[in-house]
Each structure stands twice: as C-alpha cells, then as structure tokens.
Amino acid sequence: MSPRSSCVPVLVVVFCLFVTAFCTFPTLDHIKPKASDKAQGRAVVELLKRLLGARSREFIVSVNRSLSNDSLDVCELRSTKNNKIVATGSTGVAVASGIYNYMKYFCNCHVSWSGDQLDMPRPLPRLTGVLRINTQHRFRYYQNVCTFSYSSVWWDWPRWEREIDWMALNGINLALAFTGQEAVWQEVYRALGLNQSEIEEFFSGAAFLAWNRMGNLFQFGGPLPQSWHVNQLYLQFKILAQMRSFGMIPVLPAFSGNVPKGILRLHPEANVTRLGPWAHFNCSYSCACILDPRDPLFLRIGSLYLSQVVKQFGTDHIYNTDTFNEMSPPSSDPAYLSAVSHSVFASMTAVDPQAIWLMQGWLFFNDAAFWKPAQIQALLHGVPLGRMIVLDLFAETEPIFSYTESFYGQPFIWCMLNNFGGNSGFFGTVESINSGPFKALHFPNSSLVGIGMTPEGIEQNPVMYELMSELAWRKEPVNLSKWASLYAIRRYGSTQENLIAAWRLLFASVYNCTVPHYRNHNHSPLVRRPSFRMNTDVWYDPAALYKAWKLIIEAAPSLMSKETFRYDLVDVTRQVLQVLTTSFYRDIADAFQNHKLPELLTAGGVLIHDLLPELNRLLSSDRNFLLGTWLERARSLALDEKEAQLYDLNARNQLTLWGPSGEILDYASKEWGGLMEDYYAQRWGLFVHTLVECLDSGRPFKQDAFNQAVFQVEKGFIHNGRKYPTKPQGDTYEIARRIFLKYYPQALKTL
C-alpha cells in the first residue's frame, strides 16, 4: 500500500562530473531556491522566534548563496564577543540546520514531533574559531505519497508550519507539495467536459486520496465536499510560500494516466486499459482506467493539468508522478515501457522545458517478478539521463541501486522508509542507515544525488528521523552507541546514566532490525484481528526492552516535567505491553488447545480486564496518543454536521477496516487512547468470550464465524458516534509505575 511494485548489455553514457565520489548532473543546475538570500534569512529569523522566543535574538542569521560553489549546502557559525552566534549559510535550510546542529551538540537541545527540549545555557556556549557544517548531498528529500493520507490529511496551517520548521531544522531541501491537487483536477476535468457526478465518482474520500492519486482507489469515502477543495488550496499556497522561503524545492504533482471513467464517454476512441482490482478491493472501488501515454489524449490532459498546476502554484521544475503503482503494466516489452516513460515526460516538458521527473522506485521492488533489468532499464531510459530522479524508496532494506548499476545512470536518492501505515511501535534499522548512504556514495559510477526519508506515516520513532537527517551532513558513519548516548542527554536535558544506558539498549535491540527483507508492519497480535494464526515473532530480544523500561521508570520522578520524557515513558511502556499481549495470546491459545478452562479464564481475564484497560489509561494520559485528537482534527475541517460525519467516518475507517469490508484490515493500526478501549480490547474480549463458550459447550472454534461476529464489532466502532477526549487524563507517572510494579515480574518470567 505504500506506493508499487539481470542484464541487457547496453552502452550507458553517464553525464557525470565526479567530485569526491559524488556525481553532479549539469541537467540539475537550474534547480535552485527561488527566494532571495534576504528572504531566506528572514524565514530563518521567524523560525527561531517561533522556536526560541526572546532568545532567538542571540542568533545573527544571514544567507549568502555564494558560500557554496558547487550547489552543495554549507553553513558557517562563529561566536561574537558579546556571546551571540553568527550563522551564515548558502540557503535558509543550510542556516537552520547549522543552527540546529549547534543547538544539539553545544546546547543539548532537541526538537521533535513529540515535544521539544530547549533548556539552552546562558550565555550561549562559545565557539572557538569557525564551525563549518557541509553536506555531500545535493538533495535531502522528505515524504512519501502516502504520508499525506496517513499523517497530514487533517492538518491545519499551524501544524503544517511546525512541520516545515522541523524540515528546515533537519536540513530537508526537497519535499512533496501535493496538497490541493484535486481542486486543480476538478477544473481540468470540467474543462474537458466531464460532469460533476463523474468527477465526484472519481475522487475518493479525504483519508484515502493518496491511493486515488495513484490510481488504486476511487469513490470510497467520498464524495469530496467543495469546501475541502477550498481549504486544501488555501493550505497549499501557504505551504509552498513557506517551503520556498527557506530555499526548499517543492515537488509538484504531474499526470500518470489515471482517468475517470467519464473520459470514455467523451473520447470513446481513447486507448484506455481497465486494470484489475487492487488490494482485495472489488471493481466498485478499484480497477483503474489507465490512459495509454502514447495516446495523443495523454499529452493533451497531462499538459493541460500541469499548465494549471504551474499557473496556480508556480514551479521549481521538479514533478512527481508514478506510473504502474502496485499495478502491473499491460506489456513487458521494453520498447513499450520506454515509450510510456518518454510520453509521460513529454507531457511535462510540453509545459516546462526544464522539467525533472521525480519517480518513486517502489514499483521495481513491489513487483520484482515483472521488473527485470531489461524492463527497469527501458522505463528509466525513456527519459534523457539526468532528467529523472529516482527515489530508492526502501533502501535501508531493499536497495534497488545496487542491482541496477545505479539506476542505469539516472540520478537517485537513497531513502529510509522505516514506517508502513503510520503504525505505532518501536522500529529502526540503525546499522543499515548508518552505512547505507555511504555505500551508495562510493558505489561504482554512483549516480547518487541525495538521501531522503520516505515514511508512509510519521509522528513515531523520532530518533530514527533525527539520526537519518543528521547523516546527510556526516562524512562517515557515526558511532551508534555514542550517538544514542548524546541523543538521550539532549532529548531530556539530563545526563542521568540510567537514560543513556536505556537508549544504548534500545539502539542495540529494537532499533536495530537486521532481519533480511523485513517490512515494519506492526504484526503484534495486540493490533490484529484475533485468530490462531497470529504472527508472534519479534526481531529483537525483549530482555533489552524490559531492562530499558526499568531504567526509564527509575529515572522518571525527576523528569516528569519534560514532555519528551513523558512521551518516551508512555512509548516504552506501550511497547512492553504490546510484547506482553503476545505472551498472553500464547497462553490463551495453549489453554484452549489443551482444553484447560481455568488457565484460559486466567490469561484471558488478565488481558481483557487489566492489561488492555491499563494500556488505554496510559495512552489516554498523554496528548500524543489520543484518538480524540485525530477525530477532532478531521471534524474541524467540516462546514456542517454532514461533512463532519463524513470526515469522522474516513478517519475511523482508515485506522481500522481500511475499506468497506476490511479489505486492508488494520494496515494503519494505531495504539491510541480510546481506540485501545473501543476497538482492540473489544475484539480481544469477544475472542476470549468465544473460546470460553467453545470449551463450555464442547463446540470447535470456527474462525469464519468469529470473523463475521468480530466484523460487527469493528464496524460498530466506526459508527459508534462517541466523542473521544482531546485532552490527556490521569497521571502518566502513577499509571506507568503501577503497570511496572504489576507487569515487570511477569515480563521477566516470559524470557
């Protein structure tokens, strides 16, 4: 669901200038910030005011693009006699990330989705001489096409502003800007002659637009209200202005060939292919109509759309579109594939002769049986070398560059995906991301032009994104143990040994998945529909997690005023209870299979009546783990109650059934207060109750019958109309400590 998914001898001419094992493409030279140096400097000053208040005046900021002579960002910092810091950088992003580097390593400060730790020393620590921070990477990319649905779908402007600030501080200079595109498509479809009902039948609901854009899904969760288009356009204008003010390059959407059925009414002669169903959906909601890029109508629609995009939003010359996302092409003939990419690119250059096509490389991994070297090379070489940038989307686990001769010469960005579906749960591949970008940089004839972060969902595992973004500015891999120690110090503003030891343990275990080909979908029985076929494997030794939990609990009393610490206390306790749920599930399954009713009642009773309610209370005590916030944000975008109910339905369905009948059930699971109580715990209650009845009556357990019954529970949550708290309730420390005293001994017994 993340967006889809050896050798024909060809002489590949790569137009590269090798500089320190770095490949620069003359064709990318025109990709540069639009904002003046002065405007970028002002943007950083405003960011620092938002972040630091009055103390922002202790930083003197300037942007001077001539500081870099090779389009690679650089920042120089020095101290003044009166203890101010002068920061000069080649772009606004370079200055912001340079200042954040100083704040991290000289002031022990930290900024994250889950809170900031900004206890800066007075006066600011002095720098001796000039601190020069530079990068080997032309681009530092951020976002996945799915992030717009799994994470930012309900955001207002203050939340977007905060995210763009975070991006600037973390050095991001290339990012998707996909908000509001349906408003433009609506105008284009009207201009082409489609009626309003044909347009409304095409768009999906707000929470599913990522897959509508990729041609996977239609109509489900819709129709999109007109107020949605107005609101999203307003946001897009602000997002673009803010990104550009820092010197970032926004990536705008282009046409992939995905068209409404109504096009065939207007153009019955058009070469349109109806694809098969996607991801367990039937053709009521999937089976896309794909216009052949070689059809003259493709150029007409594609150039009409892009000209409107550029007219409305301006351009920085980089456009994203993904053909064949999680859908197999109708032909594997290399000539066909080359013609397809040539035609897609032609629809861009017809509007913008300087266009660069940014393409997600997910399809090559997702449908590896189709995409053999000849097919990959054909698709990539339909576009002139240097005019396409490929995102090696899941490179920390499934790098594509290494078996495609560096994407056959097309520039690429090495990306960490890390998260599917915005799932809760600790996960990381620290060893892989610490070495991967450097291996890519030094790969023979490497066409690497950047590194990136492409999570399907954000707002969890902040440590992984801080490490990944920092690696863009490093000359070599970091010492992971040392890095984790310093992270602990700045995240909490404390040098307590317990916290340093805890983070070292986490880095060496749960954050260091080394299982080949592992995909981080939260498989925990806690968030999956109960059955006797549940995945109980983990990639790490839970003993390290339990030890880290104990260390964090012991450090808690003096740190509860820190939001970052409270978040991590909840998060590590949540992770432990997730693992213990698996242990109780095993006990429940064993007791049932051995016809031991007392043991079944004990294990099931503790899970249903204590562990899950305690977990719900814990999650409900922190603002970052509330279902109510997600639903309230969705409803707040509505103009009336009808729209509010539609958005509420979208928001609930995505987290749970992901489709009318559970087509992608629990893919986007979240461990949130409210959701734990009224969804996950209800399912487990029904499962245990059903098993007890089976043992009592001597009847066998029938999964199909249970699935039908539990589907009513799942659907019941979506339609329960309950308003969930948007403010935290209860004392996090008291709840966590009570859970620890009860369950730590239990955890040790499971080892």
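Reading the values: the criteria
- Residues numbered from 1 in each chain as written.
- Predicted model: local features only at pLDDT ≥ 70, side-chain atom pairs only at ≥ 80, totals over all residues.
- Heavy atoms only, no water.
- UniProt positions renumbered as here; feature names shortened; annotations may be inferred.
- Helix = DSSP H or I, 4+ residues; strand = E, 2+ residues; numbered from the N terminus.
- Rg over C-alpha atoms; globule rule 2.2 N^0.38 Å.
- Buried < 20%, exposed > 50% of the residue type's maximum accessible area, 1.4 Å probe, protein only.
- Areas by Shrake-Rupley, 256 points an atom, 1.4 Å probe, with all protein chains shown as cover.
- Lys, Arg positive; Asp, Glu negative; His and termini not counted.
- Charge placed at Lys NZ, Arg CZ, Asp CG, Glu CD.
- Expected span 1.5 Å × (residues − 1).
- Pairing = 2+ DSSP bridges.
- Axes fitted to C-alpha atoms, helices over the stretch in contact; angles between N-to-C directions.
- Parallel < 35°, antiparallel > 145°, perpendicular 65-115°, else oblique.
- Left-handed = near helix turned anticlockwise from the far one by under 90°.
- Contact = heavy atoms within 4.5 Å.
- Nonpolar A, V, L, I, M, F, W, Y, C, P; charged D, E, K, R; others polar.

In the nomenclature of an unreviewed UniProt entry, the protein corresponds to Alpha-N-acetylglucosaminidase from the organism Cyclopterus lumpus. Quoted verbatim from the Sequence similarities (unreviewed entry) field of UniProt, the annotation for the protein is "Belongs to the glycosyl hydrolase 89 family." Reading the Catalytic activity (unreviewed entry) entry of the UniProt record for the protein gives the comment "Hydrolysis of terminal non-reducing N-acetyl-D-glucosamine residues in N-acetyl-alpha-D-glucosaminides."

(A) Molecular detail of the overall build of the protein. Summing up its helical and strand segments, the protein has 26 helices and 19 strands in all. The globule rule puts the C-alpha radius of gyration for 751 residues at 27 Å, and the 26 Å found for the protein is close to it. By residue count, 64% of the 751 residues in the protein fall in the buried class. On the protein, roughly 26,600 Å² of surface is accessible, and the fraction owed to carbon and sulfur atoms is 53%. In the protein, 69 positive and 66 negative side-chain charges are present, and the distance between their average locations comes to 6 Å.

(B) Here's a closer look at helix α2 (residues 92–107). Here α2 is 16 residues long and its end C-alpha atoms lie 21 Å apart, about the 22 Å a rise of 1.5 Å per residue gives. Taken across its 16 residues, α2 has 14 buried, putting it largely inside the fold. At the C-terminal side of α2, Asn 108 shows a positive phi close to 55 degrees.

(C) Structural view of unusual backbone geometry. The omega torsion across Arg 122 and Pro 123 is -10 degrees, close enough to zero to call that bond cis. Residue position: Pro 123 is located in the loop between β7 (115–117) and β8 (131–134). In the segment running from Gly 222 into Pro 223, the intervening peptide bond is cis, with an omega of 0 degrees. The phi dihedral of Cys 287 is positive, around 65 degrees, even though this residue is not glycine. By the secondary structure assignment, Cys 287 is in the loop between β13 (272–274) and β14 (289–291). Judged by its relative accessible area of 3%, Cys 287 is buried. Positive phi outside glycine occurs at Glu 459, with the angle close to 70 degrees.

(D) Here's a closer look at the pairing of strand β9 (residues 139–142). Because side chains alternate across β9, one face comprises the buried residues Phe 139 and Tyr 141, and the other comprises Arg 140 and Tyr 142, equally buried. Of the strand pairs in this sheet, β9 and strand β19 (residues 448–453) are connected by four bridges, and their pairing is parallel. Paired with Tyr 141 across the strands is Gly 452, a residue of β19. For β9 and strand β10 (residues 174–176), the ladder comprises two bridges, and the chain directions are parallel. Directly across from Tyr 141, in β10, lies its bridge partner Leu 174.

(E) Region of the structure containing the packing of helix α20 (residues 563–593) against helix α24 (residues 675–697). Running from N to C, α20 and α24 cross one another at 15 degrees; their axes reach a closest spacing of 11 Å. In terms of orientation, α20 lies roughly parallel with respect to α24. Remark: the crossing between α20 and α24 carries left-handed chirality. Residues Tyr 585, Ile 588, Ala 591 and Phe 592 of α20 form the contact with α24, whose participating residues are Trp 684, Phe 687, Val 688, Leu 691, Cys 694 and Leu 695. Residue composition of the contact of α20 with α24, grouped by class: ten nonpolar, no polar and no charged.

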